[in-house]
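If you want the building blocks of each chain, they are given just below.
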Amino acid sequence: MRLLVTGANGLIGRHVVAAAGGEAKIGLISSPRTVPADLPRHVHFHRADLNDPDQSRALIESIAPTHVINTAWHTKHPSYWKDPENLDWIIATSAMARAFAEVRGRRFVQLGSC
């Protein structure tokens, strides 16, 4: 299994990475931000702006994950409920899911705290 977890610094993403543990042969995290401080040794960090469809596609194509757990989203309080940036994330997630389907990924999970 090649697992790509997005939003690994977030409320849910960091727990997904911890739960994946050694079950994933390669844990892969994507974020335009910083490398998580407690990154497990078996996890490889990749930077990509997931709101840029070209970067997202390049990341998916280079990793060719079998599984994606996408937890990246707009989470700034208190605006996250109605922020128009969420529309950008819908488009970005759709593009990432399409690229994932094209590399014949098996399971794409989208989740968040909202």
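Higher on the page you've got the structure.
Everything in this summary refers to the structure shown in the same document. Every chain's residues receive numbers from 1 upward, in the order its sequence appears when written. Two thresholds apply to this predicted model, a pLDDT of at least 70 for residue-level local features and 80 or more for giving and counting side-chain atom pairs, whereas whole-chain, interface and lining totals are computed over all residues. Excluded from the side-chain calculation are hydrogens and water; included are all heavy atoms of the structure.

The number of helices and strands found in the protein chain is three helices and five strands. Strands are runs of DSSP state E lasting at least 2 residues, helices are runs of H or I lasting at least 4, and numbering of each runs from the N terminus. Secondary structure elements in the protein chain, listed N-terminal to C-terminal, are β-α-β-β-α-β-α-β. In the protein chain, buried positions account for 37% of the 114 residues. Long-range pairs, those at least 24 residues apart, make up 53% of the contacts in the protein chain with a sequence separation of at least 6. Accessible surface, the protein chain: about 6900 Å² in total, of which carbon and sulfur atoms supply 54%. Each residue's exposure class comes from its accessible area (1.4 Å probe, protein chains only) as a fraction of the maximum for that residue type: buried when under 20%, exposed when over 50%, partly exposed otherwise. Pairs of residues are marked as contacts when any of their non-hydrogen atoms sit within 4.5 Å. To measure how exposed things are, a 1.4 Å probe is used in the Shrake-Rupley method; for residues, cover is taken only from the protein chains shown.

So, about the packing of aromatic side chains. Stacked, edge-to-face and tilted are the three classes for Phe, Tyr and Trp ring pairs, Trp counted by its six-membered ring, which pair at centre distances within 6.5 Å; planes under 30 degrees apart are stacked, over 60 edge-to-face, the rest tilted. Within this structure, the stated rule accounts for one aromatic pair. When the ring of Phe-100 is compared with that of Phe-108, the centres are 5.8 Å apart and the planes differ by 55 degrees; the resulting orientation is tilted. Classification of Phe-100 as buried rests on a relative accessible area of 4%. Given the relative accessible area of 25%, Phe-108 is considered partly exposed.

Within the fold, Pro-53 resides in helix α2 (residues 53–63). The sequence separation of Pro-53 and Ile-91 amounts to 38 residues, and the corresponding C-alpha distance is 8.8 Å.

What follows covers helix α1 (residues 13–20). Residues that lie three or four places apart on an α-helix share one face, since the helix turns once every 3.6 residues. Within α1, the full set of buried residues consists of Gly-13, Val-16, Val-17 and Ala-20. Axial view of α1: buried residues confined to an arc of 100 degrees, hence all on one face. Facing away from the buried side of α1 by over 90 degrees, the exposed positions are His-15, Ala-18 and Ala-19. The directions considered for the arc are those from the helix axis to the C-beta atoms.

To continue, consider the nonpolar core. Burial of nonpolar side chains together is a common tendency in soluble globular proteins. In this text, buried Ala, Val, Leu, Ile, Met, Phe, Trp, Tyr and Cys residues form a nonpolar core when linked through side-chain atoms within 4.5 Å. Core analysis: the biggest nonpolar cluster contains 13 residues, and Leu-4, Leu-50, Leu-59, Ile-60, Val-68 and Trp-89 have the highest contact counts within it. Contributions of two or more residues to this core are made by α2 and α3 (85–102). The element that contributes the greatest number of residues to this core is α3, accounting for five residues.

With that settled, consider the pattern of salt bridges. Any Lys or Arg side-chain nitrogen found within 4 Å of a carboxyl oxygen on Asp or Glu counts as a salt bridge. This model, assessed by the stated rule, comprises two salt bridges. Arg-57 is paired through a salt bridge with Glu-61; the nearest N and O atoms lie 3.7 Å apart. One end of the pair, Arg-57, and the other, Glu-61, are both in helix α2, four residues apart, so they sit about a helical turn from each other. For Arg-57, a relative accessible area of 28% corresponds to the partly exposed category. Among the residues examined, Glu-61 registers a relative accessible area of 47% and is labelled partly exposed. For Arg-57, the salt bridge is made with Glu-102, and the minimal N-O distance between the two is 2.5 Å. Of this pair, Arg-57 sits in helix α2 while Glu-102 sits in helix α3, placing them 45 residues apart in sequence. Connected through shared salt-bridge partners, Arg-57, Glu-61 and Glu-102 make up one network.

Any functional reading would require information that these geometric values do not contain.
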